[in-house]
Amino acid sequence: MRYEGIIYRPPSEGGSLIIQATVGCPHNRCRFCNMYKEKRFRIRKLGDILEDIEEAGRYYDPRSVRTIFLADGNSAIMRTEQLLRILRRLREVFPGLERVTSYGASQYLSLKTREEWEELRAAGLTRLHCGMESGHDPLLLRVNKGTSMRKHIEGGRAVRAAGIELSMYYMAGLGGREMWEAHALDSARVLNAVDPDFIRVRTFSPMPDTELGEDFLAGNFSLQEPRGVLRELRLLVENLEGNGLFLSDHWLNFADIHGRLPQDKEAMLLSIDRALAAPREDFRPVGLIASSL
Ligand code: SF4
């Protein structure tokens, strides 16, 4: 198998075989992100991807491969026919396959119809990881996410209606001290409208080689303190009305809040309140970090 550059995958895909279908991210302009800065986006040649699948089938015991992640950022942008060819070949080569996943930002999810997603589901695409980050349009604009509340909802609903599992990521603290309330409330609106299977929390920390990192260094971004982020998270959880699994599976988060909505909502709010009562020194320092990995 051939891999170009650093390969990222969600923590939940830690045990997955990775097949690189695209190189880099087609957007690559989010002001907080440095993941694919060194890569120029392209879709790999279908023949090369299929060759990598054959090689993986020879290298591993094909029956032992249960989960596969299609890297890099946003392979969901690929044409439906290309994705179908890949998914069908994966199933032929790996008969024990249970899960195939990919990243998909909502501006790309909303480009396919529900019928296309249904075809992809039938061919074996089982889960998409969507970096929502926020549902608040002014904040999405500020961080240059390239999408909107409307696209989050349209794209997310189309995927869910097709029976594909959806994991949506919320970036706590991204609104800083000015936008935290609207960030939490509009994100809850999106999450309630889509009702994804998983809501995963990542806490924003500026990185030096990003535009938001530069804003922070120049004093133009007011980073939330840990308790501010926890208050924001409380507001988000309070306003969630869906049925998904809420997970804080990232080392940058200030509290481990997990639970099934709606039944665990009160317990999650209590956990946040306990974390809010902890002394400042119990939390990691805030500021620039080298990498969010
Ligand atoms: S956050 Fe996602 S969509 Fe934005 S630049 Fe990074 S990989 Fe691309």
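Here, the structure is the one placed above.
First, a word on scope: everything that follows refers to the structure included in this document. These figures come from a predicted structure and were not determined experimentally. (Residues numbered from 1 in each chain as written. Predicted model: local features only at pLDDT ≥ 70, side-chain atom pairs only at ≥ 80, totals over all residues. Heavy atoms only, no water.)

A short note on the site of the ligand
Move 1: The immediate surroundings of the ligand are formed by Cys25, Asn28, Arg29, Cys30, Phe32, Cys33, Tyr36, Asn74 and Lys145.
Move 2: Across the shell around the ligand, the residue classes tally to five nonpolar, two polar and two charged. (Near = heavy atom within 4 Å. Nonpolar A, V, L, I, M, F, W, Y, C, P; charged D, E, K, R; others polar.)

Remarks on the packing of aromatic side chains
Describing an aromatic ring pair means giving the distance of the ring centres and the angle of the ring planes.
Move 1: Using the criterion set out here, one finds five aromatic pairs in the structure.
Move 2: With a centroid separation of 6.0 Å and an interplanar angle of 85°, the aromatic rings of Phe254 and Phe283 are classed as edge-to-face. With Phe254 in the loop between strand E9 (245-247) and strand E10 (259-260) and Phe283 in the segment after helix H10 (265-276), this residue pair connects regions lying 29 residues apart in the sequence. This pair shows no difference in class: Phe254 is buried, exactly as Phe283 is.
Move 3: For the cation-ring pair, Lys112 lies above Trp117, with the distance from its terminal atom to the ring centre recorded as 5.9 Å.
Move 4: The ring of Phe198 carries the charged tip of Arg200 above its face, separated from the ring centre by 5.0 Å. (Phe/Tyr/Trp six-rings, centres within 6.5 Å; stacked < 30°, edge-to-face > 60°. Helix = DSSP H or I, 4+ residues; strand = E, 2+ residues; numbered from the N terminus. Buried < 20%, exposed > 50% of the residue type's maximum accessible area, 1.4 Å probe, protein only. Lys NZ or Arg CZ within 6 Å of the ring centre and 35° of its normal.)

Considering the pairing of strand E6 (residues 127-133)
Looking along a regular strand, one sees side chains alternate from face to face of the sheet.
Move 1: Most of E6 is tucked away, with seven of its seven residues classed as buried.
Move 2: Side chains Arg127, His129, Gly131 and Glu133 of E6 all project onto a buried face; the interleaved residues Leu128, Cys130 and Met132 project onto the opposite face, where all are buried too.
Move 3: Both strand E5 (residues 99-103) and E6 contribute to a ladder of three bridges, which runs parallel. Its bridge partner being in E6, Tyr103 is matched across the sheet by His129. (Pairing = 2+ DSSP bridges.)

Quick word on the packing of helix H7 (residues 176-194) against helix H9 (residues 226-238)
Move 1: Orientation of H7 relative to H9, taken along the N-to-C sense of each, is 30°, at an axis distance of 8 Å. Overall, the two elements H7 and H9 adopt an arrangement that is roughly parallel. In the crossing of H7 with H9, the sense of the turn from one axis to the other is right-handed. Judged by residue contacts, Trp180, Glu181, His183, Ala184, Leu185, Ser187, Ala188 and Leu191 of H7 engage Arg231, Glu232, Leu235 and Leu236 from H9.
Move 2: Residue composition of the contact of H7 with H9, by class: seven nonpolar, two polar and three charged. (Axes fitted to C-alpha atoms, helices over the stretch in contact; angles between N-to-C directions. Parallel < 35°, antiparallel > 145°, perpendicular 65-115°, else oblique. Left-handed = near helix turned anticlockwise from the far one by under 90°. Contact = heavy atoms within 4.5 Å.)

Brief notes about the packing of helix H2 (residues 80-93) against helix H4 (residues 114-123)
Move 1: Put simply, H2 and H4 touch, their axes get as near as 9 Å, and they point 15° apart. In terms of axis orientation, H2 runs roughly parallel to H4. Crossing hand, H2 versus H4: left-handed. The residues of H4 that touch H2, namely those facing Thr80, Leu83, Leu84, Leu87, Arg88 and Arg91, are Glu116, Glu119, Leu120, Ala122 and Ala123.

Considering H9
Move 1: Under the 1.5 Å per step criterion, the end-to-end length of H9 is 18 Å for 13 residues, consistent within 8% with the ideal 18 Å.
Move 2: Turning to H9, the residues buried within the fold contact strand E7 (165-172), H7, strand E8 (198-203), E9 and H10. (Expected span 1.5 Å × (residues − 1).)

A short note on the pattern of salt bridges
Move 1: Tallied over the entire structure, the rule returns 24 salt bridges.
Move 2: One salt bridge connects Arg189 with Asp186, and the closest N-O pair in it is separated by 2.3 Å. Here Asp186 and Arg189 lie together in helix H7, a separation of three residues that amounts to about one turn.
Move 3: Owing to a relative accessible area of 48%, Arg189 belongs among the partly exposed residues under this scheme. (Salt bridge = Lys/Arg side-chain N within 4 Å of Asp/Glu carboxyl O.)

A few points about the sheet that holds E9
Move 1: As summarised here, the arrangement of the eight strands in space is E1-E4-E5-E6-E7-E8-E9-E10, forming an open sheet in which the pairing is mixed. Only two strands of the sheet have a single neighbouring strand rather than two, namely strand E1 (17-20) and E10.
Move 2: Bridge count between E6 and E7: five bridges; the pairing is parallel. If you follow Leu128 over to E7, its bridge partner there is Leu166.
Move 3: In the packing of helix H6 (residues 149-161) onto the sheet, contacts are made with E6 and E7, and the angle to E7 comes to roughly 150°.
Move 4: Sheet strands touched by H9: E7, E8 and E9. Its angle to E7, the strand with the most contacts, is close to 145°.

Any functional reading would require information beyond the geometric quantities listed.
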